[in-house]
Amino acid sequence: MYGQLLAKKNKERIVSLQKLTQTEDTWFAQNINLITVEQVQLATLHKILYQVVQGLLKKNQQRHLQIIHPEQTKSVQENVLTLLAEYDDLLRDAIPLPIYIFIWQISSLERLSNCNEVVDDVLDILEWYFIHQNEQVEAFDEEDLDHEEIIDLYKDAIEEQDTDAQFQLGEYYSAIDGEYFRPEKSIKWFELAASQGNADAQYALGNFYFEGLGVQENYNRAFILYEAAAKQGHPDAANNLADMYFNGEGVLENLVLAKKWFDFAAQQGVAEAMFTLGIIYEQGLGIDKNEEQACSYYRRSAEAGYVEAQYRLGGIYLEGRLGQPKDVNRGLFWYEKAAEQYHVDAFYDLGFIWSQGLTGIRNIEKGIHWFKQAALQGDLEAKLQLGHIYNKGEGIARNIKEAIKWYGLAAEAGSEEAAILLQELKGK
């Protein structure tokens, strides 16, 4: 189905380009319709790229064209690759990085198995050439290039229909930051690999549909993809599938099936699944409550690095819950582990513990340190507590200026209490 949608989109883009080229370029106006046929020829695409690269060189450095080998002595593909190799520096200054890589990728192809996917990239090149070519191009250094690796992946994805290469191309595009981030490119390659049963691609594509990233949010589609990947043994897909059953997203709530898939994911080492099993056993969701099991899953999840489990386990030990003896040191240990991962509630709780002396030892400086960490993350209560500490001057010298500062920040964040105290201090 996605392939049909991509083909339809390609045809619409070609029609727009045909209208544009009629007034701007005779060669393209006469030849662009060649890529509308059902089985486009690779040689046709190479000819188009040759015209694009030659046009760029004529515009930027016409005097150098005389050393290009005569076209009749080489194939069209060889001519394109010759131009790219001989004028690499010039072209890198004239072409945006994604377009530059597309040209290399397509020029390097020797067979064409997935026409729609390649035509989509050719159309990106042509749209840039005719619409955005005169825009300023940000120069990129050679160290920014990984085009040799991407060319190899592209060749494997297209020529060999290698689903792992298709998945890796999807990952490549999803990892790009800034102006070149193109989620639709990731989706294209994930869709191609997922349709051939690649579990990693099914999982990744499920995330795109679940989050509405580059596509319209679609829980039903996400559920289908997660289920397909989970049935192939994909641990993270199993966890997400369990979440959907657990929360009734895209499917009716089913705690039995949720636990089944959480169990599977936890056995495969997914820390988030272990944490959710802890919640299930602690609250008795669909099963009998079991504090020992709940604590065991929280501990396993925390030890695997899951920050929410670390924070919850800290609270369990500090309060002596779930059948555990109260242990302040172990509680602080896990709160600090969570704080290392910038857990804002852990920041706040550590500030409160030390400023109030809940360990038996009061340390205002440590309290201030942790409250400031929470405040920097936008925590309103931490800003209010800092205002109190500086206003009351307990354990440190009173500092009205700092108190006004923190009450002001808390008031700006919506604290009525801070606003009242701020007015009182300013009125003195």
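What you are looking at is a predicted structure, and each value in this text was computed from that prediction instead of being measured.

Criteria and cut-off values
- Residues numbered from 1 in each chain as written.
- Predicted model: local features only at pLDDT ≥ 70, side-chain atom pairs only at ≥ 80, totals over all residues.
- Heavy atoms only, no water.
- Helix = DSSP H or I, 4+ residues; strand = E, 2+ residues; numbered from the N terminus.
- Buried < 20%, exposed > 50% of the residue type's maximum accessible area, 1.4 Å probe, protein only.
- Contact = heavy atoms within 4.5 Å.
- Polar contact = N/O pair within 3.5 Å; in protein donor to acceptor, adjacent residues only side chain to side chain.
- Phe/Tyr/Trp six-rings, centres within 6.5 Å; stacked < 30°, edge-to-face > 60°.
- Lys NZ or Arg CZ within 6 Å of the ring centre and 35° of its normal.
- Axes fitted to C-alpha atoms, helices over the stretch in contact; angles between N-to-C directions.
- Parallel < 35°, antiparallel > 145°, perpendicular 65-115°, else oblique.
- Left-handed = near helix turned anticlockwise from the far one by under 90°.
- Nonpolar A, V, L, I, M, F, W, Y, C, P; charged D, E, K, R; others polar.
- Core = buried A, V, L, I, M, F, W, Y, C linked by side-chain atoms within 4.5 Å.
- Expected span 1.5 Å × (residues − 1).

### Section: the environment of R182
Counting through the fold element by element, R182 comes out in the loop between α9 (163–174) and α10 (183–195). Under the relative-accessibility criterion, R182 is labelled partly exposed at 27%. Here the alpha-carbon distance between R182 and S301, two residues 119 residues apart in the chain, equals 34 Å. For R182, the residues in contact, after removing those within four places along its chain, are D124 and Y173. Separated by 3.1 Å, the side chains of R182 and D124 make a polar contact. Within polar-contact distance, the side chain of R182 engages the side chain of E184 at 2.4 Å.

### Overview of the side chain of S186
With respect to the secondary-structure elements, S186 resides in helix α10. A relative accessible area of 0% places S186 in the buried class. The residues contacting S186, other than those within four sequence positions of it, are G170, Y173, S174 and F208.

### A closer look at the packing of aromatic side chains
Overall, the coordinates contain 23 aromatic pairs when judged by the stated rule. Taking 6.1 Å as the distance between ring centres and 85° as the angle between the ring planes, the aromatic pair formed by Y342 and F347 counts as edge-to-face. If you follow K366 out to its NZ or CZ, it ends over the ring of W354, 4.3 Å from the centre.

### So, the packing of helix α21 (residues 380–392) against helix α23 (residues 416–427)
Between α21 and α23, the least distance of the axes is 10 Å, while the angle of their chain directions is 30°. On the basis of their axis angle, the class for α21 and α23 is roughly parallel. Seen from above, α21 lies across α23 with left-handed handedness. Seen from α21, the contacting residues are L384, H388 and N391; seen from α23, they are E417, A418, L421 and L425. Here the residues of the contact of α21 with α23 sort into four nonpolar, two polar and one charged.

### Points about unusual backbone geometry
Positive phi, normally seen in glycine, also occurs at Q161, with a value near 50°. Along the chain, Q161 turns up in the loop between α8 (147–159) and α9. Judged by its relative accessible area of 38%, Q161 falls in the partly exposed class. A positive phi angle, close to 55°, is found at L322, a residue other than glycine.

### As for the nonpolar core
Of all hydrophobic cores here, the largest spans 56 residues; its most connected members are I95 and L126. Top contributing element to this core by residue count: helix α7 (residues 115–132), with ten residues. Within the second largest apolar cluster, 49 residues are counted, among which are F167, Y209, F262 and M274.

### So, helix α15 (residues 271–283)
Along its 13 residues, α15 runs 19 Å from first to last C-alpha, staying within 8% of the 18 Å computed at 1.5 Å per residue. With eleven of 13 residues buried, α15 lies mostly within the body of the structure. Of all the residues in α15, the buried ones are A271, A273, M274, F275, T276, L277, G278, I279, I280, Y281 and E282. Next to the buried residues of α15 lie α13 (235–247), α14 (255–267), α16 (291–303) and α17 (307–319). Looking one or two residues past α15, G284 carries a phi angle of roughly 65°, positive in sign.

### Re the environment of E135
Following the sequence through the fold, E135 ends up in the loop between α7 and α8. With 41 residues separating them along the chain, E135 and A94 place their C-alpha atoms 9.7 Å apart.

### What to know about the side chain of S355
Relative to the helices and strands, S355 resides in helix α19 (residues 344–356). Reaching out from S355, the side chain makes a polar contact with the backbone oxygen of G351 at a distance of 2.8 Å. In terms of polar contacts, S355 uses its side chain to reach the backbone carbonyl oxygen of F352, at 3.3 Å. If we ignore the near neighbours within four places in the chain, the residues touching S355 are R362, N363, I364, G367, F371 and I389.

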